[in-house]
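The primary structure of each chain is shown beneath.
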Amino acid sequence: MIYERQFSLEQSKRIARAKEALGRLRANPTDGVAVMALYEACGRELQEVAVRHFGKNQLAKKAVLNLLVAVVSRARTCDLQTTWTKEWLVECADAEAKKLCAAVDAGRIGGRRTRGAM
């Protein structure tokens, strides 16, 4: 029972930190401290999205930073009053991961054709 309370308290703190960081990024998208705070609060969720789309490999590790940049660049669209912070973040990261997957797949197909033609 104590463990559950501690977990929910820690989870609540992480959500509050993420919400604060997003609020700061809405006001100033170049706030590096807010970017780091957002990553510290939501890095695990970004990693989970990357692994879901790319598997457990080096590409997924690199994709996490792209997902973070996408979330930061879209911070202004997050309505902190009506949106669940983590859900918005995961949806945003998921949309970017789908775009990255499509680009990687297109690069692989195009790369194979180019090499085959030579």
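This text goes with the structure placed above it.
Just so it is clear, the model here is predicted, and its values are computed rather than measured.

Scoring rules and cut-offs
Chains are numbered independently. Their residues run from 1 in the order of the written sequence. Owing to the predicted nature of the model, reporting of local features is limited to residues with pLDDT of at least 70; listing and counting of side-chain atom pairs is limited to 80 or more, with chain, interface and lining totals taken over all residues. Computation of side-chain values: all heavy atoms of the structure, hydrogens and water removed. To qualify as a nonpolar core, a set must consist of buried Ala, Val, Leu, Ile, Met, Phe, Trp, Tyr and Cys residues joined through side-chain atoms within 4.5 Å. Relative accessibility under 20% of the residue-type maximum defines a buried residue, over 50% an exposed one, and the middle range a partly exposed one, all with a 1.4 Å probe and only protein chains included. Secondary structure elements follow DSSP: runs of H or I of four or more residues count as helices, runs of E of two or more count as strands, with numbering from the N terminus. Here a helix's expected span is defined as the number of its residues, less one, multiplied by 1.5 Å. The reported bend at a residue is simply the angle between two axes, fitted to the 7 residues ending at it and to the 7 residues beginning with it. Polar contact criterion, stated in full: a pair of N or O atoms within 3.5 Å, where within protein one must be able to donate a hydrogen and the other to accept it, and residues adjacent in sequence count only if both atoms are side-chain atoms.

1. Describing the nonpolar core
Among soluble globular proteins, nonpolar side chains are generally buried collectively.
Next, step 1: Counting 30 residues, the largest nonpolar core has Leu38, Leu46, Leu67 and Val71 as its most contacted members.
Next, step 2: For this core, the elements supplying multiple residues, two or more each, are helix 1 (2-27), helix 2 (32-54), helix 3 (58-73) and helix 4 (85-117).
Next, step 3: Ranked by residue count, the leading element in this core is helix 2, at nine residues.

2. Details of helix 2
Next, step 1: Between its first and last C-alpha, helix 2 extends only 27 Å over 23 residues, short of the 33 Å set by a 1.5 Å rise per residue.
Next, step 2: Considering bend angle alone, the principal kink of helix 2 is centred on cysteine 42 and spans about 70°.
Next, step 3: Ala34, Val35, Leu38, Ala41, Cys42, Gly43, Glu45, Leu46, Val49, Ala50 and Phe54 are the residues of helix 2 that are buried.
Next, step 4: For helix 2, the N-terminal cap is aspartate 31; the gap from its side-chain oxygen to the backbone nitrogen of valine 33 is 3.1 Å.
Next, step 5: Once helix 2 ends, the next one or two residues include glycine 55, with phi positive near 85°.

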